[in-house]
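# Notes for the structure review
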Amino acid sequence: MAASTKELTANGAKVTTVANGADATAAPPVEPHVTAPPTASTLSSPPHAAVYPAGQCVFGEDWTAATLVAKERCKETTAILTFELPDTSKPLGLSTCACILAKFDRDGSAVVRPYTPISTNAMIGRFELLVKIYAQGAMSQYLDGLQIGSSVEFKHIPFNVKVQYPFAPKVGMLIGGTGIAPMIQALHAILGTADDTTAVSMLYASKVKEDILAQETLEAWAANSEGRFTCHHVLSEEPDGSPWTGARGLITRELIEAHLPAPTDDVVIFVCGPPGMYESLCGPRNEPQELKGILAEMGYTAAQVVKF
Ligand SMILES: Cc1cc2nc3c(=O)[nH]c(=O)nc-3n(C[C@H](O)[C@H](O)[C@H](O)COP(=O)(O)OP(=O)(O)OC[C@H]3O[C@@H](n4cnc5c(N)ncnc54)[C@H](O)[C@@H]3O)c2cc1C
């Protein structure tokens, strides 16, 4: 993991932890309640709840510059970028599963894209983005080429506040590619809270085995969850002769029936992936109140499905 993470941990970064998001709806957690050793919670750390209510993010609705202080390739086409906040004494203060908007100017017009930090509010003065680099991608190519010390403008708008912790007693996650980023946030909150009993099942779709993001993290968190978190992978383009013994193809009704909770009243399903995944599983992302596709056919209701 990035040196920045180790530095923060070694320095004993100040940690503000809220044991239960339901207790934190009105005010920022001014009285830290630390339930785990101080650590900057990222992909290399155990799950760590550091839940902030919506409305506390240090980025508001105006664009604010943050400086790139570290960049690390974690896969051939994926990087972790660490940005320093304008006030290095505070965490980002983002609510669970929310995203921020990044902007740069290209030929006089703004390119804006959403990203979900993988770091939690346990990280002071910085935040981390997990970014998939697309060969033709405007923002991802820009971020990939960014020099340490350069800055990017960010903002956070209320539209990008999604479902808040605590969630339903049973959570199903249908994920593709970098859709893992908001799920890392959710898992930090669920698995990092000592008395939480939420059961989480994830189906994670990638193209080939090498594309699976945060695989070691997910395996470690599942192994230490006492059965509360399970993760199954499905690969769409894994070569036929490879030693992969897991599921192949796309996420299907059969895989959902096998691995996710049935559509009972105590269930919520999170969907986060590329556009085709929404079309197939639940209908377009920009129709949050409408449920179509496989999940509708299986009997889940629109209220039970969160399109990230
Ligand atoms: C709520 C939300 C949170 C997000 N969080 C993250 C995150 O944490 N990390 C992250 O890396 N991305 C995240 N994304 C996606 C991100 O916002 C950009 O869409 C992505 O980085 C591509 O932007 P770009 O400008 O590089 O590519 P664009 O210029 O928009 O696209 C150019 C080409 O890149 C390819 N491409 C772009 N996106 C995809 C895709 N999803 N699947 C396959 N090919 C694609 C296509 O060939 C496309 O034609 C998130 C999206 C949303 C909606």
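Please refer to the structure higher up on the page.
This section reports on the structure supplied with the text. (Residues numbered from 1 in each chain as written. Predicted model: local features only at pLDDT ≥ 70, side-chain atom pairs only at ≥ 80, totals over all residues.)

## Considerations on the pairing of strand E1 (residues 64–75)
Sheet topology note: the E1/strand E6 (residues 151–155) ladder contains four bridges and is antiparallel. Following the sheet pairing, Thr-64 is matched in E6 by Phe-154. (Pairing = 2+ DSSP bridges. Helix = DSSP H or I, 4+ residues; strand = E, 2+ residues; numbered from the N terminus.)

## Observations concerning the sheet that holds E6
In sheet architecture, strand pairing relies on hydrogen bonds along the backbone and comes in two forms, parallel and antiparallel. A sheet is described by the order of its strands in space; here six strands give the open sequence E4-E3-E6-E1-E2-E5, paired in antiparallel fashion. Edge positions in the sheet fall to strand E4 (109–115) and strand E5 (126–132), since each of these pairs with one other strand and no more. On average, each strand axis in the sheet is tilted by 40 degrees relative to the strand beside it, whichever way the strands run. (Axes fitted to C-alpha atoms, helices over the stretch in contact; angles between N-to-C directions.)

## Digging into unusual backbone geometry
Cis geometry marks the peptide bond from Tyr-165 to Pro-166; its omega dihedral reads 0 degrees. Here Pro-166 shows up in the loop between E6 and strand E7 (170–176). Positive phi is not limited to glycine here, since Asp-107 has a value of about 50 degrees. Take Asp-107: it is sitting in the loop between strand E3 (100–106) and E4. When the 5 C-beta atoms within 10 Å are taken as the criterion, Asp-107 is described as exposed. In the Ramachandran plot, Glu-226 falls in the positive-phi region, its phi being about 55 degrees despite a non-glycine side chain. Judged by the 8 C-beta atoms lying within 10 Å of it, Glu-226 falls in the exposed class. (Buried ≥ 20, exposed ≤ 12 C-beta atoms within 10 Å, placed from the backbone.)

In short, the description is geometric, and any link to function would need to be established separately.
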